[in-house]
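Structural description and commentary
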Amino acid sequence: MEQARSTISKIFNGEPHTYTRFNLTQNMEGDTSQVEMKLSTDEEAVENGMGDHRHHHGTNGRPYMVQKMQRTPRNLCYMVCGVLLIFIIGFLIGYLTNKKKEQAPVCASSISIENNDIPHETGAAPLMDWDDVTKLLTEKFSAAKLEKVLSEFAQGSHRAGSLEDESLANRVLQRFKDSSMKTWTDEHFIKVQDPPAAGYNKIVFKNGTEDRPRGFLSYSFVGSVQGAVLYAHYGEDDDFRVLQDKNINMNGRVMLIRDGKISFAEKVANAARMNASAVLIYRDPNDYKNKDETELYGHVHMGSGDPYTPGFPSFNHTQFPPAESSGLPKILAQTITLRVAKKILSQLGGPRSPERWTGFNKLGDETDIITVEVNNVLTEKKIHNVFGVIKGFVDPDRYVVIGAQRDAWGPGYAASTVGTSVLVELARAISDMVKNGGFKPRRSIVFASWSAGEYGSIGATEWLEGYLSSLSMKAFSYINLDGIVTGLNGFKVAASPLMHTLIENTLKEVKIRDASLYKQFAKDNFESNILEPMRMDSAAYPFLAFSGIPSMSFRFSPDNSNYNHFGTMEDTVANLNAATSSQVPQLAATAGRFAGHIALRLVHDHLLQMDVMKYYKVVRSYVYKINGRVKDVLQMQPQLLPKSLTVQWLISAIGSYSRAAQSLQNDIQNSDLEDIEMCRLINDRIMAVERNFLSHYVSPRQSPFRHILVGSGPHTLKALTKHLESLKTNNPEANAELFLNEFALATWTIQGCANSLAGDIWSLDNEI
């Protein structure tokens, strides 16, 4: 220290044993501190060490420092050198400190130094390299481990609310506990329709023998009707339009419809709009390879959840006046075997069916009388949902949900056993990654085992209805594991457009048979070879269309065909092995890694991997269709719509959405992603997109699937395009005033989504 003092003294004045002393005096009134620099000899320092800091003056009355430091070239040179030396030392200290910070392995500042160098934790999790995360998952989650779980969970029967279903729920719960997760259960009391215990449903065609099917459709209207049979292909809107074009009277007819393309509920709802009296559903051999005596099971509620508690949960303490969902049909619905269908079809008369309708030749006439009697019984059942959670280290109150249906009509090996097995094994593997592998997710992962999925995703929907206000703000994605293995040669995904980019990238990461899923199945055309519309009977659908949570379902599928055994008692281990060349464990493990990669990516990265521009393309395609149809109506039916009607408002709304999405991207590029609060704010804006596509102007009871792009009802953009088609042909059912109202509300829904995506209210770009 003495040597350093001597060196610095020599630089300034050339005299030994002098040093520079700084004195900082704080003004009592808060003014800026005054700095006084003195040069003293060692002796003076000792003399003044116990005394006060007096000013030393020379004989001429000037300060000692001024006397010693006259403005000579030599002294000025010393002063410049001293300042440069101090600057260089400070720069080196700053550089070394900053270099240490850059080398710290954190994803956001996990340690902060403030207030006199006292360190404190900020709550951020150390960031593991993504390649290391995927390798760790592959180590922990394998086909060999999964095969044992598949064997354990395979059961002969476990219908919702049964003792077998409850036993299975307890085993899932124990598995979650064994993985050291926080667990809980959800209990609901629901109403379902089952076949009569002391009776039967029946069908009699042309006064022939009576058929008593064992299969049934829950939530059918009950009673007995008699009417003439009319073949209606798949029962889609287009199929009924073909029958209308043939001027066929459909009032009171019993529609014979083949399974496939749309859900049972949609077929029955479409038939009811044609004033049919009943619907019979069978499986055609051109679509399914079932036995002639195979019985079919399902439901016909045009919605999800318990239809007797529409929009609110079926907790035991729920006390509301009796209510019914608007999706309950008012006509009879029943499944029949292929044998019974062949008997009816072979005897039909009437006009010939269209050439493109493969199958039988005649549609049926007024003399093909059939009697249908449905005696299903409404019963109350207690069901349990089972949950486990792996908590995040940064944002534990934000979570992805991974769920699987637990119940089935019969063995349900493909319908529920595979998904439930993957669920519990994936939970174990990721828990082990956290406990023993060093992985720390930023956000939480919730694992859910649902009951009553076969009756219309009741368990999942009741949970959504019970906690919607919390879930819509905190659950940022749902991954459905139902029916993930049904074949060998195809791979299909139904998902929110927000997730398409993430899904495409994940397909390129996950391998099967030494090649990526993308290379095997996408074949450089992701949208046409992989993506498919999400069906209403998927458990992911209420998450997306009812709750506004980005969701996905996926499956290994047969090549250009359907899995033959869903909704039957033949969904067994043997039949699924036959459909997959006995590769169920390997395919299930790959499916589990695919789901795991997506979930882990969503809880690993600073920002949610959601592509908000994907919805811009979807809305733009609808705007193009609506614009063309509006012009057609104004030209062909000018009396129906105001001449001043344009789609400019809608175009402006989609323009606002595009600019808001670009603004979000700019905010991401210009933000410090090491800032935890900034990441959270950006993620909240991304999460709000799906939720804000839910129409605020419709009742959850009347139209539970409120999403204007993927939902169901007159408020959707798809319904608006169909409404314009009806106006163009001056269809009596078309209502111009209703269209104008729905058109305005849909436009403002899109504008509201754009406003939310823009962020703060002063950032809005509202050109309407």
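Residues numbered from 1 in each chain as written. Predicted model: local features only at pLDDT ≥ 70, side-chain atom pairs only at ≥ 80, totals over all residues. Heavy atoms only, no water.

Cut-off, in case you're wondering: UniProt positions are given in the numbering used here, feature names are shortened, and annotations may be inferred rather than shown by experiment.
Labelled according to an unreviewed UniProt entry, the protein chain appears under the name Transferrin receptor protein 1, originating from Poecilia mexicana. Entered under Subunit (unreviewed entry) in the UniProt record, the comment concerning the protein chain runs "Homodimer; disulfide-linked."

Section: the overall build of the protein chain
What counts is decided by this rule: Only DSSP runs of H or I with at least four residues qualify as helices, and only runs of E with at least two residues qualify as strands; both kinds are numbered from the N terminus onward. Contacts are residue-level and defined by heavy atoms, with any inter-residue pair within 4.5 Å sufficient. Values of accessible area rely on a 1.4 Å probe in the Shrake-Rupley scheme; residue burial ignores everything except the protein chains shown.
The helix and strand tally for the protein chain stands at 24 helices and 22 strands. Taking the intrachain contacts of the protein chain between residues at least 6 apart in sequence as the baseline, contacts between residues at least 24 apart amount to 76%. Looking at the protein chain as shown, the accessible area adds up to about 35500 Å², and 52% of this sits on carbon and sulfur atoms.

A look at the sheet that holds strand 9 (residues 223-231)
Where we set the bar: A pair of strands is labelled paired if DSSP reports no fewer than 2 bridges between them. Orientation is described by lines fitted to C-alpha atoms, with helices fitted over the stretch in contact, and by angles between N-to-C directions that extend from 0 to 180 degrees.
With respect to topology, seven strands assemble into an open sheet ordered 7-6-14-9-10-11-13, the strand pairing being mixed. In this open sheet, the two edge strands, each paired with only one partner strand, are strand 7 (210-211) and strand 13 (332-335). Of the pairings in the sheet, the one linking strand 10 (residues 254-258) to strand 11 (residues 278-282) comprises five bridges and is parallel in character. Looking at strand 11, one finds that Leu 256 is bridged to Leu 280. Each of strand 6 (202-205), strand 7, strand 9, strand 10, strand 11 and strand 14 (369-374) touches helix 10 (residues 338-345); the most contacted strand, strand 11, lies at about 115 degrees to it.

Brief notes about unusual backbone geometry
Under the convention used in this document: Throughout this description, buried means an accessible area under 20% of the type-specific maximum (1.4 Å probe, protein chains only), exposed means over 50%, and partly exposed covers the range between.
In the Ramachandran plot, Asp 524 falls in the positive-phi region, its phi being about 65 degrees despite a non-glycine side chain. Examined against the element boundaries, Asp 524 turns out to sit in the loop between helix 15 (517-522) and helix 16 (526-529). Among the residues examined, Asp 524 registers a relative accessible area of 68% and is labelled exposed. Here the phi dihedral of Ser 581 falls at roughly 55 degrees; this positive angle occurs in a residue that is not glycine. Here Ser 581 is to be found in the loop between helix 18 (573-580) and helix 19 (584-604).

A word on the pattern of salt bridges
Basically, it comes down to this: Each salt bridge in this description consists of a side-chain nitrogen of Lys or Arg and a carboxyl oxygen of Asp or Glu lying within 4 Å of one another.
According to the stated counting rule, one finds 35 salt bridges in the structure shown. With a shortest N-O distance of 3.0 Å, Lys 722 and Asp 237 are connected by a salt bridge. Remark: Asp 237 occurs in helix 8 (residues 237-245) and Lys 722 occurs in helix 23 (residues 717-728); sequence separation between them is 485 residues. Of the residues examined, Asp 237 reaches a relative accessible area of 28% and is grouped as partly exposed. A network of salt bridges, in which partner residues are shared, links Asp 395, Asp 397, Arg 398, Arg 680 and Asp 684.

Looking at the sheet that holds strand 15 (residues 377-390)
Strands sit in the order 5-15-17-16-18-22-19 across an open sheet of seven strands; the sheet is mixed. The open sheet has two edge strands, strand 5 (182-194) and strand 19 (490-495), and neither has a second partner. Put simply, the sheet's adjacent strands are angled 20 degrees from each other on average, direction ignored. Where strand 5 lies against strand 15, 13 bridges are found, and the strand directions are antiparallel. Bridge assignment links Val 192 to a residue of strand 15, and that residue is Thr 379. Relative to strand 16 (residues 395-405), helix 22 (residues 676-692) is tilted by about 35 degrees, and along the sheet it contacts strand 16, strand 17 (443-450) and strand 18 (475-480).

Focus on the packing of aromatic side chains
Rules: Under the pairing criterion, centres of Phe, Tyr and Trp rings, with the six-membered ring standing for Trp, must be within 6.5 Å; the plane angle then separates stacked pairs below 30 degrees from edge-to-face pairs above 60, leaving the rest tilted. Criterion for a charge above a ring: Lys NZ or Arg CZ within 6 Å of the ring centre, and within 35 degrees of the ring normal.
Under the defined criterion, the tally for this structure stands at 26 aromatic pairs. With a centroid separation of 5.0 Å and 10 degrees between ring planes, the pair formed by Trp 184 and Phe 387 is classed as stacked. One end of the pair, Trp 184, is in strand 5; the other, Phe 387, is in strand 15, and 203 residues separate them in sequence. Seen in terms of ring centroids, Tyr 231 and Trp 357 are 6.0 Å apart; in terms of plane orientation they differ by 75 degrees. Their pairing is edge-to-face. Of this pair, Tyr 231 sits in strand 9 while Trp 357 sits in the loop between helix 10 and strand 14; the two residues are 126 residues apart in sequence, bridging distant segments of the chain. Its relative accessible area of 4% is what places Trp 357 among the buried residues. Just above the ring of Trp 130 sits the side chain of Arg 601; from NZ or CZ to the centre is 4.1 Å. In this structure, Lys 625 packs its charged tip against the face of Tyr 622, placed 5.5 Å from the ring centre.

Overview of a negative patch on the surface
Quick reminder of the rule: A patch consists of residues whose relative accessible area exceeds 30% and which take part in no salt bridge; residues with like charges are grouped when within 9 Å of each other, and nonpolar side chains (Val, Leu, Ile, Met, Phe, Trp, Tyr) when within 5 Å. Note that His is not counted, nor are the chain ends; the positive residues are Lys and Arg, and the negative ones are Asp and Glu. To locate a charge, take atom NZ for lysine, CZ for arginine, CG for aspartate or CD for glutamate.
A surface patch of like charges, here negative, comprises Asp 672, Glu 674, Asp 675 and Glu 677. For Asp 675, the location among the structural elements is in the loop between helix 21 (648-670) and helix 22. Since its relative accessible area comes to 33%, Asp 675 is described here as partly exposed.

Some points on the environment of Arg 352
Inspection of the secondary structure assignment puts Arg 352 in the loop between helix 10 and strand 14. Its relative accessible area of 54% is what places Arg 352 among the exposed residues. The sequence separation of Arg 352 and Lys 362 amounts to ten residues, and the corresponding C-alpha distance is 4.5 Å.

So, the environment of Leu 664
Within the secondary structure, Leu 664 is located in helix 21. With near-sequence residues (within four places) excluded, Leu 664 lies in contact with Val 612, Ile 682, Arg 685, Ile 686 and Leu 757.

Description of the side chain of Ser 477
Applied cut-off: Counted as a polar contact is a pair of N or O atoms within 3.5 Å, where, for protein atoms, one must be capable of donating a hydrogen and the other of accepting one, and residues adjacent in sequence contribute only when both atoms are in side chains.
Examined against the element boundaries, Ser 477 turns out to sit in strand 18. The class for Ser 477 is buried, based on a relative accessible area of 0%. A distance of 3.2 Å separates the side chain of Ser 477 from the backbone oxygen of Pro 550, its partner in a polar contact. Ignoring sequence-local partners within four residues, the contact set of Ser 477 consists of Tyr 399, Val 400, Val 401, Met 499, Ile 549, Pro 550, Leu 602 and Met 610.

Concerning the packing of helix 14 (residues 500-509) against helix 19
Formally: Roughly parallel means an angle under 35 degrees; roughly antiparallel, over 145; roughly perpendicular, 65 to 115; everything else is oblique. Here a crossing is called left-handed whenever its near helix is offset anticlockwise from the far helix by less than a right angle, and right-handed whenever the offset is clockwise. Basically, the charged four are Asp, Glu, Lys and Arg, the nonpolar ten are Ala, Val, Leu, Ile, Met, Phe, Trp, Tyr, Cys and Pro, and anything else, Gly included, counts as polar.
As a packed pair, helix 14 and helix 19 sit with axes 10 Å apart at the nearest point and diverge in direction by 125 degrees. What the angle tells us is that helix 14 and helix 19 run oblique. By crossing handedness, the relation of helix 14 to helix 19 is classed as right-handed. On the side of helix 14, the interface is formed by Leu 502, Ile 503, Thr 506, Leu 507 and Glu 509, while helix 19 contributes Phe 594, His 597, Ile 598, Arg 601 and Leu 602. Classifying every residue of the contact of helix 14 with helix 19 gives six nonpolar, two polar and two charged.

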